[in-house]
Amino acid sequence: MSLILQQRVSLKSCNSFGVEARAAWFARVQSVTDLQQLHADPRVRDLPRLVLGAGTNVLFAGDFDGLVIQAALPGVQELEPSADSFLVRVGAGQSWPALVEQLVRAGRPGLENLALIPGWAGAAPIQNIGAYGLELAERLHSVSVWEAASGACRELACEECGLGYRDSVFKRDRPGERIVVAITLRLPQRWQPITKYAELERELAARGCGQPEASDIFEAVCALRRRKLPDPARLGNAGSFFKNPVIGRSQYAELIERFPSMVSYPLAGGRFKIGAAWLIEACQLRGVTRGRVGTYEGQALVLVNKNAASGREVLDLAREVQQRVQSKFGVSLEPEVLIVGA
């Protein structure tokens, strides 16, 4: 089947906020051949580009006057193992929640702490997704990218991807310069549970799991996420909208003296990560409604589309949250969500 390139396409079904926006051009690619063909097409060669997966970490605050590429390459393949790891290659278009469950059920544990994170596998290294004491960086072997400059694929080792807190080298690329086509995961042959995250510890204890298996952790994480976060199919959202801010020692000392209950975590180099949800709640912004949008009652970090709101309305609420936190604490909240068309 040849590549289909469309004009004036609605993106409402391509973003988990469920907001209406249009792309001047849209292409869903399912192979490297599709990418090569698209790159050679004179109609879109010089247009701005936006690469999408499932659209679970993007807010369209307006239309996109360029080419949207949805990287939907399929496939899950187990490779020859290394000395201490099972290696699994996954196409960029594979559902991440389905992948985690598939691997845990098949006796390939290691991702269970990352259960139920929405989106496709190709976006996982871009965000360096993480939850409940684990980040993708600890389970990533390599990333296969298609490069526009050469028109060919290249394999990047995990160490070349610059993975940090919700960050990677891919975030600093010019859009469309490199497109993730697959990732290779490194799953431990000698699996050990990761259960030191306090909330997960409590959930496992409540379930009577003193020595949990990977499936126990998977089920516990799924339960926690379902209790805390709204289903995008029922209430439009993109999960946590803001990153947890990182501040220096002197600012931390001043804030903790004024706000002793502030949620914080020490980091290397004398820095501290502050709980963004705590900051938002302290500004009395949890569960508020502004017209057709609001913050979620169960988790202040989540902005929700309550009733066919526009992306601009969501963005206005996000800016109100940022301004209130900055005014009260002198701390800047950085969006975790990619904002397009602002």
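One can find the structure itself at the top, above this paragraph.
Residues numbered from 1 in each chain as written. Predicted model: local features only at pLDDT ≥ 70, side-chain atom pairs only at ≥ 80, totals over all residues. Heavy atoms only, no water.

Student: Is there a simple way to explain the overall build of the chain in this structure?
Tutor: What the chain contains, in helices and strands, is eight helices and 20 strands. With the C-alpha coordinates of the chain rotated into their principal frame, the extents come out at 60 × 50 × 40 Å. Classification of the 342 residues of the chain by burial places 51% in the buried group. Long-range contacts, defined here as pairs at least 24 residues apart, represent 61% of the contacts in the chain between residues at least 6 apart. Carbon and sulfur atoms make up 48% of the accessible area of the chain, which amounts to about 15,800 Å² in all. Distance between charge centres in the chain, computed from 40 positive and 36 negative side chains, equals 4 Å. (Helix = DSSP H or I, 4+ residues; strand = E, 2+ residues; numbered from the N terminus. Buried < 20%, exposed > 50% of the residue type's maximum accessible area, 1.4 Å probe, protein only. Contact = heavy atoms within 4.5 Å. Areas by Shrake-Rupley, 256 points an atom, 1.4 Å probe, with all protein chains shown as cover. Lys, Arg positive; Asp, Glu negative; His and termini not counted. Charge placed at Lys NZ, Arg CZ, Asp CG, Glu CD.)

Student: Would you mind showing me how to read a nonpolar patch on the surface here?
Tutor: Nonpolar side chains collect at one region of the surface, where Tyr-197, Val-263 and Tyr-265 lie side by side and expose about 250 Å² of accessible area between them. Tracing the backbone shows Val-263 in the loop between helix H6 (249-258) and strand E15 (264-266). (Patch = residues over 30% accessible without salt bridge, like charges linked within 9 Å, V, L, I, M, F, W, Y side chains within 5 Å. Salt bridge = Lys/Arg side-chain N within 4 Å of Asp/Glu carboxyl O.)

Student: Just to check I follow, could you spell out the pattern of salt bridges for this structure?
Tutor: Side-chain pairs of opposite charge can arise whenever the charged atoms involved come near each other. Enumeration over the complete set of coordinates arrives at 21 salt bridges. For Arg-172, the salt bridge goes to Asp-167, with nearest N and O atoms at 3.0 Å. On the basis of relative accessible area, Arg-172 is assigned to the exposed category, the value being 54%. Residue classification places Asp-167 among the partly exposed residues on the basis of a relative accessible area of 23%. Arg-258 serves as the salt-bridge partner of Glu-254, at 3.0 Å between the closest nitrogen and oxygen. Note that Glu-254 and Arg-258 are positioned in helix H6 at a spacing of four residues, about one turn of the helix. In this structure, a network of salt bridges that share partners links the residues Glu-101, Arg-105 and Glu-219.

Student: Help me out: how do you make sense of the packing of aromatic side chains in this one?
Tutor: Aromatic ring pairs are defined here through the distance separating the ring centres and the angle between the ring planes. Counted according to the given criterion, the structure contains seven aromatic pairs. Plain terms: the ring middles of Phe-17 and Phe-241 are 6.3 Å apart, the flat faces sit at 65° to each other, and that makes the pair edge-to-face. Here Phe-241 lies in the loop between strand E13 (236-240) and strand E14 (246-247) and Phe-17 lies in the loop between strand E1 (5-10) and strand E2 (22-29), a separation of 224 residues in the sequence. Phe-241 shares its class with Phe-17; the two are buried. Cluster of aromatic residues (ring-pair linked, three or more members): Phe-17, Phe-241 and Phe-242. One cation-aromatic arrangement involves Arg-108 over Phe-86; the distance from NZ or CZ to the ring centre is 3.7 Å. Positioned over the ring face of Tyr-165 is Lys-273, at 4.0 Å from the centre of the ring. (Phe/Tyr/Trp six-rings, centres within 6.5 Å; stacked < 30°, edge-to-face > 60°. Lys NZ or Arg CZ within 6 Å of the ring centre and 35° of its normal.)

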